[in-house]
Amino acid sequence: MLEISGLTIEFQDVKPPLRAVEDFSLSMEPGEIVGVVGESGSGKTMTALALLGLLKRHAKITAGTMVFKGKDLLSLTPRQWQDVRGKEISMIFQEPMTSLNPVLTIGRQMEESLRLHTNLDGKSRKARALAMMEQVGLSQPEKLYGCYPHQLSGGMRQRVMIGAALVGNPSLMVADEPTTALDVTIQAQILDLLKEMNREYKTAILFISHDLRVIQSICSRVAVMKQGQTVEAGLVADVLSAPKAEYTKKLLAAIPHRGNRLRKKRGR
Amino acid sequence: MEVRRVCAGYGRGRKYRRILTDVDFCLYKGEILGLVGESGCGKSTLSKTILGFVPVESGQVIHHTSRPQMVFQDPFSSLNPGKKVGWILEEPLRMQKIPAAARREKAEAMLAKVGLDKSFLNRRPGDLSGGQRQRVSIAISLIQGSRLILADEPVSALDVTIQRQIMELMLALQEELGLSYLFISHDLDVIYQMCDRVMVMQKGQVVEEGDVERIFEEPRHPYTRSLLAASLSYRL
Amino acid sequence: MVEKRNMIVGGILAAAVTVFMLVGLFYTPYDPEAMDLSMKFAPASLAHPFGCDQFGRDVLSRALQGSGVTFLVAAGTLCIGGGLGTLLGLFTGYFGGWPDEMIMRFNDLIVAFPSILLALIFISLLGPGKYNVILALGIVFIPSFARIVRSQVIVHKDMDYVKSARLMGVGHLRILFVHILPNIRRTLFSALAIGFNNAALSEAGMSYLGIGVQPPDASIGRMMSETQAYMFTAPWSVLFPGLAMILMVLGFGLLSDGWSA
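Residues numbered from 1 in each chain as written. Chains lettered and ligands numbered in written order. Predicted model: local features only at pLDDT ≥ 70, side-chain atom pairs only at ≥ 80, totals over all residues. Heavy atoms only, no water.

## A look at the overall build of chain C
Part 1 of the argument: Secondary structure assignment for chain C yields 10 helices and zero strands.
Part 2 of the argument: Helices and strands in chain C line up, N terminus first, as α-α-α-α-α-α-α-α-α-α.
Part 3 of the argument: Residue burial in chain C is summarised as follows: out of 261 residues, 48% are buried.
Part 4 of the argument: Taking the contacts inside chain C whose residues are at least 6 apart along the sequence as the reference set, 72% of them involve residues at least 24 apart.
Part 5 of the argument: When the 16 positive and 15 negative side-chain charges of chain C are each reduced to one mean point, those points stand 10 Å apart. (Helix = DSSP H or I, 4+ residues; strand = E, 2+ residues; numbered from the N terminus. Buried < 20%, exposed > 50% of the residue type's maximum accessible area, 1.4 Å probe, protein only. Contact = heavy atoms within 4.5 Å. Lys, Arg positive; Asp, Glu negative; His and termini not counted. Charge placed at Lys NZ, Arg CZ, Asp CG, Glu CD.)

Dropping the structure here:
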């Protein structure tokens, strides 16, 4: 369904040009959840933005191809991009505080992609939006429909974002650190929700995170990135149990976990 | 250090909102005490109260040693962006009227302790990575000779590999100098790796307290259980 | 990059205009008051590079002296308005509480009036003349500086580095002046550059209306009001003072943009 090969992104406002992503390749099948993991500066967010045609002016794709459902994404005009974004590929972000528009109602934001990409009238749009809100676990959707983002908690906002991203029934959703800003209990709920939506709608998810624990809990395959390069890729189970690259080993060793207490002697 | 039935909150008069209710604990010498809880549970308020930034409504905070120092969560706002690292490190010594040469010497020695060479004295926080800044923050907290450090999410904003380095540094310094830490984190695994004892906080109250192994293996309070159930732990 | 270029161009312009103004305080090629009717409306020449005005006075000398006075007024205004405004903003922003509330409401009251109108009120109380203009404009300028500085201090005082300084045992005054103030200097410089323009323009406006600088002092505003009737017969007598003003506003404006970026 999605075929990225040899993708290279450069920042061209500095000399010499800075390679943010180098020779990145990835293929995704419908309904799959694939993870991209890396630390800050690894280029994982750049890759996500490229996939939505949202790169900043200074960042240029200098090599590679991105083919989505037979369409060459790199040859799309800005107009054609608008038809892909939101309808075919949608995105959710890390910061639920800033990624919803504070002056629009929840209902309005849930309907946005229907408004842009379908001919549904207001009534059926609202019906679809309310049904979707119910689906993402927002109780009393009728009441929330007219609310503004600041009246909601972080977890609820993230649910709204997921609902708004899925309401147009896209085949791919890019999720950039969607649970990083959330508390553990809310994080677990949101991950469960994403898995459930993935089963229900067969939406493929490209899941970007710095946290291997999250990747392990939700993805089937993973690519490990470091400073723009893919150091390792494969099934999550394989990569985590038998890492090949030095960097992956280092990353795995650094994950905080309960099998390894760093505090050896105890004080008192 | 002892915290005795402390209640504290923000606002004056009618607008007063109590955040902490009857928080009561001891931090022993050489101990690492973890404090875990979700956002808004009062973890940060507790550390601010201990430091005197938030007034106590009732109860008291007793410091048996010198005043505690703090390592902050966000390494980007905890260092003055306009000053050089050396200047910042020397500021508390300047307050104690220590002569310039001795100040510089001490700052250099402290940087070495946290694994940075003296070239960092002349660099500004803006040129440093998150991990390097956190090392500087640790150096600042130690330079006045305080042996009690409050660490409010000191590794949460860092990449995992850097996180690990800072955790190891803090543990090494603890052993070398006999420090006590109140280590605040939302990450249960980090708490498990670092701490001797842990307190679980919910809505301004400590709901459970005990040795790390005990809390993780047989949690008693329902809230602790739900936290543990929700947290993802890396499995081999 | 654009900001940097603006900053350089602005800096050069502002420096050139400042030098021109400073020179005018101490030196003019001719006596700016000396009339020579034989030179009435003489166009630009080697002896009089900017030509002469309706009384045969040397326009360059008058522009120099006028700029000098304008500079004095603008600088004086900044000292009073910028200085007191900054202090007020620092203290109210940092300490907050009811004094902050009161002073800021009073500020709102002053800001509600157009600044030139307020200056007019002060002048009508104090009487015209350049020192009174400085005093009047200075007072009128206090609120805007106080407001800008206060908002910046409020942002900084809640940052962890201020808490860290408290833990180091640093006192409030030192935190305010040594730890916080240097971090808001860019905003402050930017406001000062714009303030300089506004003060100079206000002075010109007031002098043009005849309530600012009084004869025999020249000022850019007075020169323009005196010679505007001869705009078409002797354009240079208006043009050069006007040009000096435009260059100054452009220079300090660009400089302000550069600092604030």
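## Comments concerning the packing of aromatic side chains
We describe a pair of aromatic rings using the distance from one ring centre to the other and the angle between the two ring planes.
Part 1 of the argument: Evaluation of the coordinates by the stated rule reveals six aromatic pairs over all chains.
Part 2 of the argument: Between Tyr192 of chain B and Phe216 of chain B the ring centres are 5.0 Å apart and the planes differ by 70°, which places this aromatic pair in the edge-to-face class. Separated by 24 residues along the polypeptide, Tyr192 of chain B in helix α6 (residues 188-194) and Phe216 of chain B in helix α7 (residues 212-217) bring together distant segments of the chain. Here the two residues Tyr192 of chain B and Phe216 of chain B agree in accessibility, since each one is buried.
Part 3 of the argument: Between Phe91 of chain C and Phe95 of chain C the ring centres are 6.2 Å apart and the planes differ by 5°, which places this aromatic pair in the stacked class. Separated by four residues within a single helix, Phe91 of chain C and Phe95 of chain C lie in helix α2 (residues 59-95), roughly one turn from each other.
Part 4 of the argument: By relative accessible area, Phe91 of chain C is classed as partly exposed at 32%.
Part 5 of the argument: Assessed through its relative accessible area of 45%, Phe95 of chain C is described here as partly exposed. (Phe/Tyr/Trp six-rings, centres within 6.5 Å; stacked < 30°, edge-to-face > 60°.)

## Here we look at the packing of α2 of chain C against helix α3 (residues 97-111) of chain C
Residues and elements named next belong to chain C.
Part 1 of the argument: Contact pair α2 / α3: the axes reach a minimum separation of 8 Å and the direction vectors enclose 135°. By the angle class used here, α2 and α3 are oblique. Between α2 and α3 the crossing geometry is left-handed. Contacts between α2 and α3 pair Leu88, Thr92 and Phe95 from the former with Gly97, Asp100, Ile103 and Met104 from the latter. (Axes fitted to C-alpha atoms, helices over the stretch in contact; angles between N-to-C directions. Parallel < 35°, antiparallel > 145°, perpendicular 65-115°, else oblique. Left-handed = near helix turned anticlockwise from the far one by under 90°.)

## Observations concerning helix α3 (residues 106-117) of chain A
Part 1 of the argument: All of the buried residues along α3 of chain A are Ile106, Gly107, Gln109, Met110, Glu111, Ser113, Leu114 and His117 of chain A.
Part 2 of the argument: Looking at the buried positions of α3 of chain A, the neighbouring elements they touch are α2 (78-84), α4 (122-135), α5 (141-145) and α6 (154-166) of chain A.

## Remarks on the interface of chain B and chain C
Part 1 of the argument: Every contact between the two is made by 24 residues of chain B and, on the other side, 15 residues of chain C.
Part 2 of the argument: In this assembly, chain B packs against chain C so that about 1,700 Å² is buried in total across both faces, 62% of it on carbon and sulfur atoms.
Part 3 of the argument: At the boundary of chain B and chain C, one finds one salt bridge.
Part 4 of the argument: Taken together, the links from chain B to chain C amount to nine residue pairs in polar contact (both at pLDDT 80 or more).
Part 5 of the argument: Here the side of chain B that touches chain C gets six residues from one element, more than from any other, and that element is helix α2 (residues 85-95) of chain B.
Part 6 of the argument: Along the lines of polarity and charge, the residues of the side of chain B that touches chain C split into 12 nonpolar, six polar and six charged. (Buried area = accessible area lost by both parts, 1.4 Å probe. Salt bridge = Lys/Arg side-chain N within 4 Å of Asp/Glu carboxyl O. Polar contact = N/O pair within 3.5 Å; in protein donor to acceptor, adjacent residues only side chain to side chain. Nonpolar A, V, L, I, M, F, W, Y, C, P; charged D, E, K, R; others polar.)

## Some words on the nonpolar core
Part 1 of the argument: Among the nonpolar cores identified, the biggest contains 65 residues, and Leu89, Ile138 and Phe183 of chain B are the most heavily contacted of them.
Part 2 of the argument: Residue-level mapping places this core at the junction of two domains, with at least three residues from each of domain 1 (1-68 + 150-236) and domain 2 (77-145) of chain B.
Part 3 of the argument: Dropping the residues within four chain positions of it, Ile138 of chain B is found in contact with Val71, Val114, Ile166, Leu169, Met170 and Leu173 of chain B.
Part 4 of the argument: If you look at the next biggest cluster of nonpolar residues, it comprises 51 residues, including Cys147, Leu182, Leu191 and Phe207 of chain A. (Core = buried A, V, L, I, M, F, W, Y, C linked by side-chain atoms within 4.5 Å. Domains from an automatic or database assignment.)

## Brief notes about the sheet that holds strand β2 (residues 18-28) of chain A
Residues and elements named next belong to chain A.
Part 1 of the argument: In space, the four strands of this open sheet follow the order β2-β1-β4-β5, with antiparallel pairing throughout. The two strands at the open ends of the sheet, each matched to only one other strand, are β2 and β5 (71-72).
Part 2 of the argument: Of the strand pairs in this sheet, strand β1 (residues 2-11) and strand β4 (residues 59-68) are connected by eight bridges, and their pairing is antiparallel. For Ser5, the partnering residue across the bridge sits in β4 and is Thr65.
Part 3 of the argument: The strands that helix α1 (residues 44-51) touches are β1, β2 and β4; relative to β1, the one it contacts most, it runs at about 115°. (Pairing = 2+ DSSP bridges.)

## A word on the domain arrangement of chain B
Interface size is commonly expressed as the accessible surface area that is lost when the partners come together.
Residue and element names in this part refer to chain B.
Part 1 of the argument: In terms of domain boundaries, chain B breaks down into domain 1 (1-68 + 150-236) and domain 2 (77-145).
Part 2 of the argument: For domain 1 and domain 2, the distance between their C-alpha centres works out to 26 Å.
Part 3 of the argument: The interface is formed by 12 residues belonging to domain 1 together with nine residues belonging to domain 2.
Part 4 of the argument: Between domain 1 and domain 2, roughly 830 Å² of surface is buried when both sides are summed, and carbon and sulfur atoms account for 73% of that area.
Part 5 of the argument: Considering only the side of domain 1, the residues that lose the most area to domain 2 are Ile166, Leu169 and Leu173, jointly responsible for 45% of the buried surface there.
Part 6 of the argument: Inspection of the region where domain 1 meets domain 2 yields one salt bridge.

## Notes on the packing of helix α8 (residues 185-208) of chain C against helix α9 (residues 220-227) of chain C
Residues and elements named next belong to chain C.
Part 1 of the argument: Two elements in contact, α8 and α9, have axes whose closest approach is 7 Å; the angle formed by their N-to-C orientations is 40°. By the angle class used here, α8 and α9 are oblique. The crossing of α8 and α9 is right-handed. Counting all contacts with α8, which are made through Ala204, Ser207 and Tyr208, the residues of α9 involved are Gly221, Arg222, Met224 and Ser225.
Part 2 of the argument: A per-class count over the contact of α8 with α9 returns three nonpolar, three polar and one charged.

## Thoughts on a nonpolar patch on the surface
Residue and element names in this part refer to chain C.
Part 1 of the argument: Together, Phe113, Ile116, Leu117, Ile121, Leu125, Leu126, Leu135 and Ile139 make up an exposed nonpolar region whose accessible area comes to about 670 Å².
Part 2 of the argument: At the level of secondary structure, the elements contributing two or more residues to the nonpolar patch comprise α4 (115-126) and α5 (130-157).
Part 3 of the argument: Ranked by the residues each element gives to the nonpolar patch, the list is headed by α4, at five residues. (Patch = residues over 30% accessible without salt bridge, like charges linked within 9 Å, V, L, I, M, F, W, Y side chains within 5 Å. Areas by Shrake-Rupley, 256 points an atom, 1.4 Å probe, with all protein chains shown as cover.)

## Focus on the interface of chain A and chain B
Part 1 of the argument: In this assembly, 31 residues from chain A lie in contact with 43 residues from chain B.
Part 2 of the argument: Contact with chain B buries area across many residues of chain A, yet Arg258, Leu262 and Arg263 of chain A alone supply 23% of it, more than any other trio.
Part 3 of the argument: Inspection of the region where chain A meets chain B yields five salt bridges.
Part 4 of the argument: A salt bridge links Asp196 of chain B to Arg263 of chain A; the shortest N-O distance between them is 2.7 Å.

## Let's talk about the pattern of salt bridges
Part 1 of the argument: Tallying each qualifying case throughout the model produces 32 salt bridges over all chains.
Part 2 of the argument: Note that Arg258 of chain A is salt-bridged to Asp189 of chain B, the shortest N-O span being 2.7 Å. With Arg258 of chain A in the segment after α10 (246-254) and Asp189 of chain B in helix α6, this pair bridges two chains.
Part 3 of the argument: Classification of Arg258 of chain A as partly exposed rests on a relative accessible area of 24%.
Part 4 of the argument: A network of salt bridges, in which partner residues are shared, links Glu90, Glu91, Arg94, Arg103 and Arg104 of chain B together with Arg174 of chain C.

## Some thoughts on the pairing of β2 of chain A
Residues and elements named next belong to chain A.
Part 1 of the argument: With seven bridges joining them, β1 and β2 adopt antiparallel strand pairing. The residue of β2 that forms the bridge with Glu3 is Ser27.
Part 2 of the argument: Counted between consecutive antiparallel strands, the loop separating β1 from β2 contains six residues.

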